[in-house]
Amino acid sequence: MNILFFLTPKAACAYLRADDTVRQALERMEAAGYAALPIVDRDGSYCGTLTEGDLLWAIKNLCMTDLRDMENHGIMEISHRRDNTPVYVNTNMEDLMSKAVEQNFVPVVDDRNLFIGIITRKAIMQYCMERVIAGESRTA
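Calculation notes
- Residues numbered from 1 in each chain as written.
- Predicted model: local features only at pLDDT ≥ 70, side-chain atom pairs only at ≥ 80, totals over all residues.
- Heavy atoms only, no water.
- Pairing = 2+ DSSP bridges.
- Helix = DSSP H or I, 4+ residues; strand = E, 2+ residues; numbered from the N terminus.
- Contact = heavy atoms within 4.5 Å.
- Axes fitted to C-alpha atoms, helices over the stretch in contact; angles between N-to-C directions.
- Buried < 20%, exposed > 50% of the residue type's maximum accessible area, 1.4 Å probe, protein only.
- Salt bridge = Lys/Arg side-chain N within 4 Å of Asp/Glu carboxyl O.
- Polar contact = N/O pair within 3.5 Å; in protein donor to acceptor, adjacent residues only side chain to side chain.
- Phe/Tyr/Trp six-rings, centres within 6.5 Å; stacked < 30°, edge-to-face > 60°.

1. Some details on the sheet that holds strand S1 (residues 8-9)
Here is step 1: Overall, mixed pairing links the four strands, which are arranged S1-S7-S6-S5 in an open sheet. At either margin of the open sheet sits one strand with a lone partner, and together these are S1 and strand S5 (87-88).
Here is step 2: Bridge count between strand S6 (residues 105-109) and strand S7 (residues 115-120): five bridges; the pairing is antiparallel. Residue pairing for S7: Phe105 is matched across the bridge by Thr120.
Here is step 3: Each of S5, S6 and S7 is contacted by helix H4 (residues 93-102), which is oriented at about 135° to S6, the strand it contacts most.

Following this line, the structure appears as structure tokens:
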């Protein structure tokens, strides 16, 4: 099976730009309702993942007490606890699933390392659940 079957394309993803400020990141995360978002630079390359925890530690460590303070710090200034490791479009299902076990979403890049979207753990689990249910109905 081709992993692109599970892809949420970049146009449908919430993501951050590498030059976003901490305030922009907070606002985008709040609007999207996600606890982690991929970071993409101006040329479209995947740069890493920013989590709510990363932002909380940055606010504490940089003593940002006001939203105006957060406009003076870029998200690439702060440390990321763990970046979600991307896969290439030609990655096999086994490698995708091993990444999805460790990450809520798996960033997908093309052969030029440009970010093209994400595959969520939820999408994989829904597919597997549908296959199990379909298999059970055939045996019943």
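2. Observations concerning the sheet that holds strand S3 (residues 36-40)
Two orientations exist for strands paired in a sheet by backbone hydrogen bonds: parallel and antiparallel.
Here is step 1: Taken in spatial order, the three strands make up an open sheet running S2-S3-S4, and their pairing is mixed. Sheet topology places strand S2 (16-17) and strand S4 (46-51) at the edges, where each strand pairs with a single neighbour.
Here is step 2: Here two bridges tie S2 to S3, and the two strands are oriented parallel to one another. For Leu16, the partnering residue across the bridge sits in S3 and is Ile39.

3. Quick word on the environment of Ala58
Here is step 1: Summarising the element assignment, Ala58 is placed in helix H2 (residues 52-61).
Here is step 2: A relative accessible area of 5% means that Ala58 is categorised as buried.
Here is step 3: Sequence spacing of Ala58 and Ser79 is 21 residues, and the spatial spacing of their C-alpha atoms is 7.7 Å.
Here is step 4: Every residue in contact with Ala58, bar those within four places of it in the chain, is listed here: Cys63, Met64 and Ile78.

4. Some thoughts on the pattern of salt bridges
Here is step 1: This structure, assessed with the given rule, holds six salt bridges.
Here is step 2: Between Arg28 and Asp20 there is a salt bridge; the shortest N-O distance is 2.5 Å.
Here is step 3: Take Arg28: its relative accessible area is 31%, and that puts it in the partly exposed class.
Here is step 4: A relative accessible area of 6% places Asp20 in the buried class.
Here is step 5: A salt bridge links Asp66 to Arg68; the shortest N-O distance between them is 3.1 Å.

5. Observations regarding the side chain of Asp20
Here is step 1: Within the secondary structure layout, Asp20 lies in the loop between S2 and helix H1 (22-32).
Here is step 2: A distance of 2.5 Å separates polar atoms of two side chains, one belonging to Asp20 and the other to Arg28.
Here is step 3: In this structure Asp20 touches Arg28, Gly74 and Ile75, once residues within four positions along its chain are discounted.

6. Some details on the packing of aromatic side chains
Here is step 1: In the structure shown here, the tally under the stated rule is five aromatic pairs.
Here is step 2: Both rings, one in Phe5 and one in Tyr127, keep their centres 5.6 Å apart while their planes meet at 70°; by these two values the pair is edge-to-face. Taken together, the residues Phe5 in the segment before S1 and Tyr127 in helix H5 (residues 121-139) connect sequence positions 122 residues apart.
Here is step 3: Ring geometry for Phe6 and Tyr127: centres 5.3 Å apart, planes at 85°, overall edge-to-face. Residue Phe6 is found in the segment before S1, and its partner Tyr127 is found in helix H5; the two are separated by 121 residues along the sequence.
Here is step 4: Among the aromatic residues, ring-to-ring pairing joins Phe5, Phe6 and Tyr127 into one connected group.

7. Points about the pairing of S6
Here is step 1: Across the five residues that make up S6, a large majority, five, are buried.
Here is step 2: Residues Phe105, Pro107 and Val109 of S6 are buried on one face, and the alternating residues Val106 and Val108, pointing to the opposite face, are buried as well.
Here is step 3: Pairing analysis gives two bridges linking S5 to S6, with the strands arranged parallel. When the bridges of S6 are listed, Val87 appears paired with Val108.
Here is step 4: Between the antiparallel neighbours S6 and S7 lie five residues, among them Asn113 with a positive phi of about 65°.

In short, the description is geometric, and any link to function would need to be established separately.
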